[in-house]
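# Architecture and fold: a report
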Amino acid sequence: KFPFNPKLGIDNPALCLGEDPGTDPEPAARGCLLRRDGNGNYGFNLEMETERGGHVVRQVVPGGPAHLAGLREGDQILQIQGEYVHEQEHIRVAQKIRASGSRLSLTVLDAVGYQRLHADKISPASILTNYIPESCPRPKLCLVRNEGKGFGFTASTTGGVRGTFQLTVEDGAAAQKVGVPQGARLIEVNGESVVSFTMSQLTKRLQQSGSRVVLLVLEPSAWGIYESHGVTPSIAFAETSSLPYRPRKLHLVRCPQGYGFLLRQEKCVGREGQFLRELDPGLPAEVAGMREGDRLLGVNGQSVEALQHEDIVRLIQESGNQVTLLVISNEGDRFYSEIGASPLLFYEDASPEKGSETFVVSECLYVLQVEETSSHAKTEKQSEEAQTSEE
């Protein structure tokens with residue numbers, strides 16, 4: 001028997017050695033590494049729920065890659081491949097997952113932990129140990145064209161270590177004109193990581209690039225920050241300010257004559273795309289800023305790049321008397337085809353009404369396929385075979 005101690009207020013000091021069973025553990029993020037199955041699927045849905053915010057895991061397939069990796073119903077996705085995505089556009093986050101290759105690294109927080117942070121108005125970024133601060137420079141994606149005088153840069157190894165290349169940029173040359181920083185760290189060439197390249201392999205890749213090369217580069221001052229946080233910079237991190245074309249968000253309200261455009265499925269080399277044609281002057285589509293030849297990327301916050309023409313038409317029709325479209329110009333579509341990436345990967349909604357919409361988006365990620373590149377070469381016969389729907 002233990003004597004009562006009025007200062008401690010207990011008569012059994014052993015009781016103070018255990019944790020208070022009524023105290024909830026602090027919210028803690030966890031990592032999940034997924035690999036696509038034989039059909040190219042991850043086995044879960046990603047949803048945006050307006051009343052909750054962020055990107056929520058739903059319909060985890062039992063026994064699928066997501067389930068086996070530890071992903072659970074209601075988990076909140078905070079990071080993709082080490083990048084903080086909680087506050088990014090849902091359609092952009094879905095595209096990052098689609099473009100992740102055969103492996104997908106996620107950092108998630110369970111529903112209970114997220115609700116605690118949300119109720120206390122605490123940012124989920126505060127519980128991440130490898131969070132890259134917003135002030136840190138992001139990688140730049142640069143399309144460099146050889147206009148007869150070369151690309152305008154030379155590469156050298158740093159410290160003689162394989163895969164570590166620094167770029168020396170010539171004043172006034174092609175690379176400098178498109179924003180390649182002096183002394184930049186080279187991360188990717190034409191979508192391929194250089195982490196395992198020797199100098200001879202890099203030289204060969206550049207020679208094989210022909211008249212244009214796509215570089216992913218990073219400011220020299222930022223490399224140490226990424227390295228110290230254990231994050232590998234990739235195309236998903238790329239800043240959008242260096243890209244010449246951006247997706248545009250159009251909000252259309254139907255008038256008695258309709259929306260005033262044709263949605264046309266056109267066959268291109270390697271894929272089919274949905275293009276906006278024959279705009280009627282003065283009708284909602286033209287008034288909202290739609291341009292002839294724009295390519296349709298999304299409807300009401302949902303990507304349509306992998307959908308069939310009839311399904312896209314149905315989405316628009318089911319919207320009622322108004323619809324929100326995400327489009328890219330014909331020139332922009334060509335640009336992103338050249339760099340081998342979807343424009344949705346870099347979409348950021350800067351419109352004044354951001355956050356005012358109330359629709360709920362659901363993107364079925366376990367049926368997403370590996371992204372294909374597009375070409376705009378089209379024969380007359382293919383034009384005749386294109387499907388057309390009037391809106």
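Residues numbered from 1 in each chain as written. Predicted model: local features only at pLDDT ≥ 70, side-chain atom pairs only at ≥ 80, totals over all residues. Heavy atoms only, no water.

Where an unreviewed UniProt entry is consulted, the protein chain appears under the name PDZ domain-containing protein, with the organism given as Eleutherodactylus coqui.

### Quick look at the side chain of E83
Selection rule: The helix count covers DSSP runs of H or I at least four residues long, the strand count covers runs of E at least two residues long, and both are numbered beginning at the N terminus. Whenever two N or O atoms come within 3.5 Å, that pair is a polar contact, provided that in protein one can donate a hydrogen and the other can accept it, and provided that, for residues adjacent in sequence, both atoms are side-chain atoms. Contacts were defined at the residue level, with two residues in contact if any of their heavy atoms lie within 4.5 Å.
Relative to the helices and strands, E83 is located in strand 5 (residues 83–84). Separated by 3.0 Å, the side chains of E83 and Q88 make a polar contact. If near-sequence neighbours (up to four positions away) are discounted, E83 is found in contact with L78, Q88, K96, A236 and F237.

### Describing the pattern of salt bridges
Filter applied, for reference: When a carboxyl oxygen of Asp or Glu lies within 4 Å of a side-chain nitrogen of Lys or Arg, that pair is called a salt bridge. Any residue under 20% of the maximum accessible area for its type is buried, any over 50% is exposed, and the rest in between are partly exposed; the area is computed with a 1.4 Å probe on protein chains only.
The tally for this structure, following the rule as stated, stands at 13 salt bridges. Across the pair K96 and E83 runs a salt bridge whose closest N-O atoms are separated by 3.1 Å. Note that K96 is positioned in helix 2 (residues 90–98) and E83 in strand 5, a separation of 13 residues in sequence. For K96, a relative accessible area of 3% gives the class buried. Taking the relative accessible area as the measure of exposure, E83 reaches 5% and is therefore buried.

### What to know about the pairing of strand 6 (residues 103–109)
Selection rule: Between any two strands, pairing holds if DSSP finds at least two bridges.
Of all seven residues that make up strand 6, five are buried, and the element is covered over most of its length. Across six bridges, strand 1 (residues 30–35) lies against strand 6 in antiparallel orientation. Note on strand 6: the bridge partner recorded for C32 is L106. Pairing geometry for strand 4 (residues 76–80) and strand 6, over four bridges, is antiparallel. Paired with Q76 across the strands is L109, a residue of strand 6.

### Side note on the layout of surface pockets
For clarity, the cut-off: Cavities and pockets were defined on a 1 Å grid built over protein atoms only: a cavity is a set of grid points that admits a 1.4 Å probe from which the probe cannot escape, a pocket is an open set flanked by protein on both sides within 12 Å along at least five of seven lines, and lining residues are those with an atom within 4 Å of any such point. Grid points are joined across faces, edges and corners, and a volume is the space filled by probe spheres set on the points.
Estimated volume of the largest pocket: approximately 1100 Å³. Around the largest pocket sit 48 residues that line it, and Q81, E188, P233, S234 and I235 are the ones nearest its centre. Elements represented by at least two residues in the lining of the largest pocket include exactly strand 1, strand 4, helix 2, strand 6, strand 10 (185–189) and helix 6 (223–228).

### Things to note about the nonpolar core
Nonpolar side chains in soluble globular proteins generally cluster together in the buried interior. Put simply, the test is: Put simply, buried Ala, Val, Leu, Ile, Met, Phe, Trp, Tyr and Cys residues joined by side-chain atoms within 4.5 Å make one nonpolar core.
By size, the foremost hydrophobic cluster in this structure holds 26 residues, and its most contacted members are L141, Y226, Y336, I339 and F346. If you list the elements that add at least two residues to this core, you get strand 7 (140–145), strand 12 (212–218), strand 18 (322–328) and helix 9 (330–339). In contact with Y336, other than residues within four places in its own chain, are L243, Y245, R246, I328, A341, S342, P343 and F346. Grouped together as the second largest cluster of nonpolar side chains are 20 residues, C142, V144, L186 and L215 included.

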